[in-house]
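# Working through the structure, step by step
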Amino acid sequence: MPPETSYPSTSRWPAWALQAVVLASLGACANYAGITPQAQSLNADALGLKADATAQPAAAPTIDPQWWHAFGDAQLNQLVEQALANNPTLGVAQARLARVQAASDAVHGADLPQVAASTDLTRQRFSANSIYPPPLGGAILNTGDLRASASWELDFFGKNRAALDASLGQVRAAQADAEAARMLLASSVTRSYFSLVRIQAQLDLAERTLAQRTQSRLLVQDRVNAGLDTQLELQQSDSALPDARLQIEALKEQQALAHNALAALTSQTDRPLALVLPTQATIKTVATATSMPLDLLGRRADIAAARYRVEAATADVGSAKALFYPNINLVGFVGYSSIGFDKLLQSGSDQWGVGPAIRLPLFDGGRLRANLRGKTADLDAAVESYNHLVIEAVHDVADQLASGQAITRQQAEQAAAQSFAETAYSIARQRYQAGLGNHLQVLSAETAVLAQRRLAIDLAARALDTQVQLIRALGGGYAAQAIATASLSTSNPSSSVTP
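For the structure given in this document, a descriptive report is provided here. Fair warning: this is a prediction, and the values are worked out from it, not measured in the lab.

Broken down by element type, the protein chain carries nine helices and seven strands. Across the 499 residues in the protein chain, those meeting the buried criterion constitute 38%. For the protein chain, the proportion of contacts with a sequence separation of at least 24, taken over those separated by at least 6, is 84%. Roughly 27000 Å² of accessible area belongs to the protein chain as shown, and the carbon and sulfur atoms make up 56% of that amount.

Have a look at this one:
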């Protein structure tokens, strides 16, 4: 039995006969019972993010889409804008979006009436032993056919509507993917820039250290010449110089690599970057959340893309189910047909036809059920991918919040430790110059000071990097119309919780 049976409409069929055919077809329709999705989207309660019911509603937090401007560095703004304008990765994302949009337009076109025109002019010999009697049989004649045809599939069961919803979901997902790529690129440029600032600060400290140790070595040499110190103190002073130069060379290597990375991100590999790096102290601190705002987390571009894919997969399942129902088309044609080109447009050569066509799969060897099982599995995979991404996003935000709070406490303790180290170093130098201490004590005190200064630079760099990472983890100002965040919302959509 063929997979499809067609029931053309003719004037010889009474209305009751057509109705009987349709009802019989529906009764014989292939069954999709028992094929249901298994995965469930996570909600806020399942993530352990339920807000305190007694807490007062807070104003909905927002992040500026151009969040990097908040750091107050014009050079950083220019680098990010160059990256967003020229980076090939964003070009790939835009090309993928254009392709998905084109596919969506094609799906939308299938829901509209289809009109076509055709012309067929043929010179042929008609068989003398076929259905054509003489004088047509055995003759060589010209035949012509000029026709315009139209068809329109009546989407009674929502197959085309579901296919269009699926394609629109893919378009929205591709748009969100492009925004996620922009966010990742902007955060990568910002982090690389702040890394260069940190390296430059460490390099300035290393050069000051080398100059300081050179001056210290000259002081020891003067004391040796005066008989106040021995060669032991001079050797100790000499050994500190190569170590300082080693630190400088290591930092210069890091600086070159960071420059190369930033040039690649901004697509400026053909020329060196001419940067005038600011000090860490001149970079503004961005106020960030101390808790996890669920509405911002739900608007992350990558989470939005995953949610749109769930919606698209859901629509795909609906479209696959609609294939089990009859396919009803209205078809018609009008034109001319004749034997002999000269008669093609004469009266009497006209022809036309119009009527419905109903097709229903009665036996397909399980093809439709297999297709529906595949679409259902795709939906389960999309839901689980969404759940995984949400869990990772919550983890990411919690980590950044914890790190930001810990860094603040560490900076307070480090400032106190550096103050004590600076005082001890000053006392050690004064005692040594007065002949009350030895040079080893000075070097030991200096080592503690340098360690604290390096730690201060690193903590300041970590604080900036954590702010960038938290902004990225909270969506970076991404916003889209009709974004679905129901699985991340609570009764109070602007609520937040502290990890």
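Looking now at the pattern of salt bridges. In total, this model carries nine salt bridges according to the counting rule given. Arg-198 is the salt-bridge partner of Asp-458, the closest N and O atoms lying 3.6 Å from each other. On the criterion of sequence distance, the pair formed by Asp-458 in helix 9 (residues 439-473) and Arg-198 in helix 4 (residues 159-225) is long-range, its members being 260 residues apart. Look at Asp-458 and you get partly exposed, because its relative accessible area is 29%. Linked through salt bridges whose partners overlap, the residues forming this network are Arg-300, Asp-302, Asp-396 and Arg-472.

Another point: the environment of Leu-372. Considering the arrangement of structural elements, one finds Leu-372 in helix 8 (residues 367-433). Classification of Leu-372 by relative accessible area gives buried; the value is 0%. A C-alpha to C-alpha distance of 7.4 Å links Leu-372 and Ile-35, two positions 337 residues apart in sequence.

In a soluble, globular protein the nonpolar side chains are often hidden away together inside. Formed by 33 residues in total, the largest nonpolar core has its most connected members in Trp-67, Phe-71, Phe-194 and Leu-262. Mapped onto this core, the elements with two or more residues apiece are helix 2 (74-86), helix 4, helix 5 (231-265), helix 8 and helix 9. Beyond its immediate stretch of four places on either side in the chain, Leu-262 contacts Leu-79, Val-189, Ser-192, Tyr-193, Leu-196, Leu-273 and Leu-275. Grouped together as the second largest cluster of nonpolar side chains are 18 residues, Ile-303, Ala-313, Ala-382 and Tyr-386 included.

Okay, the packing of helix 7 (residues 301-322) against helix 8 next. In contact at an axis separation of 9 Å, helix 7 and helix 8 are set at 165 degrees when each is read in the N-to-C sense. The orientation of helix 7 relative to helix 8 falls into the category roughly antiparallel. Two packed elements cross with a definite hand, and for helix 7 against helix 8 that hand is left-handed. When helix 7 is examined against helix 8, the residues Asp-302, Ile-303, Ala-306, Arg-307, Arg-309, Val-310, Ala-313, Thr-314, Asp-316, Val-317, Ala-320 and Lys-321 are found in contact with a partner set consisting of Asn-371, Leu-372, Lys-375, Thr-376, Asp-378, Leu-379, Ala-382, Val-383, Tyr-386, Leu-389, Val-390 and Ala-393. In terms of residue class, the contact of helix 7 with helix 8 is made up of 14 nonpolar, three polar and seven charged.

Right, let's get into the packing of aromatic side chains. In this description, an aromatic ring pair is defined by two values, namely the gap between the centres and the angle between the planes. In total, this model carries three aromatic pairs according to the counting rule given. Seen in terms of ring centroids, Phe-71 and Phe-194 are 5.0 Å apart; in terms of plane orientation they differ by 75 degrees. Their pairing is edge-to-face. Linking Phe-71 in the loop between helix 1 (15-27) and helix 2 with Phe-194 in helix 4, this pair joins segments that are 123 residues apart in sequence. The exposure class of Phe-194 is buried, given its relative accessible area of 4%. Both rings, one in Tyr-193 and one in Phe-194, keep their centres 6.1 Å apart while their planes meet at 50 degrees; by these two values the pair is tilted. Of the two residues, Tyr-193 and Phe-194, both sit in the buried class. Ring pairing ties together the aromatic residues Phe-71, Tyr-193 and Phe-194, which thus form one cluster. Positioned above the aromatic ring of Tyr-386 is the side chain of Arg-307, whose terminal nitrogen or guanidinium carbon lies 5.4 Å from the ring centre.

Criteria and thresholds
Residues numbered from 1 in each chain as written. Predicted model: local features only at pLDDT ≥ 70, side-chain atom pairs only at ≥ 80, totals over all residues. Heavy atoms only, no water. Helix = DSSP H or I, 4+ residues; strand = E, 2+ residues; numbered from the N terminus. Buried < 20%, exposed > 50% of the residue type's maximum accessible area, 1.4 Å probe, protein only. Contact = heavy atoms within 4.5 Å. Areas by Shrake-Rupley, 256 points an atom, 1.4 Å probe, with all protein chains shown as cover. Salt bridge = Lys/Arg side-chain N within 4 Å of Asp/Glu carboxyl O. Core = buried A, V, L, I, M, F, W, Y, C linked by side-chain atoms within 4.5 Å. Axes fitted to C-alpha atoms, helices over the stretch in contact; angles between N-to-C directions. Parallel < 35°, antiparallel > 145°, perpendicular 65-115°, else oblique. Left-handed = near helix turned anticlockwise from the far one by under 90°. Nonpolar A, V, L, I, M, F, W, Y, C, P; charged D, E, K, R; others polar. Phe/Tyr/Trp six-rings, centres within 6.5 Å; stacked < 30°, edge-to-face > 60°. Lys NZ or Arg CZ within 6 Å of the ring centre and 35° of its normal.

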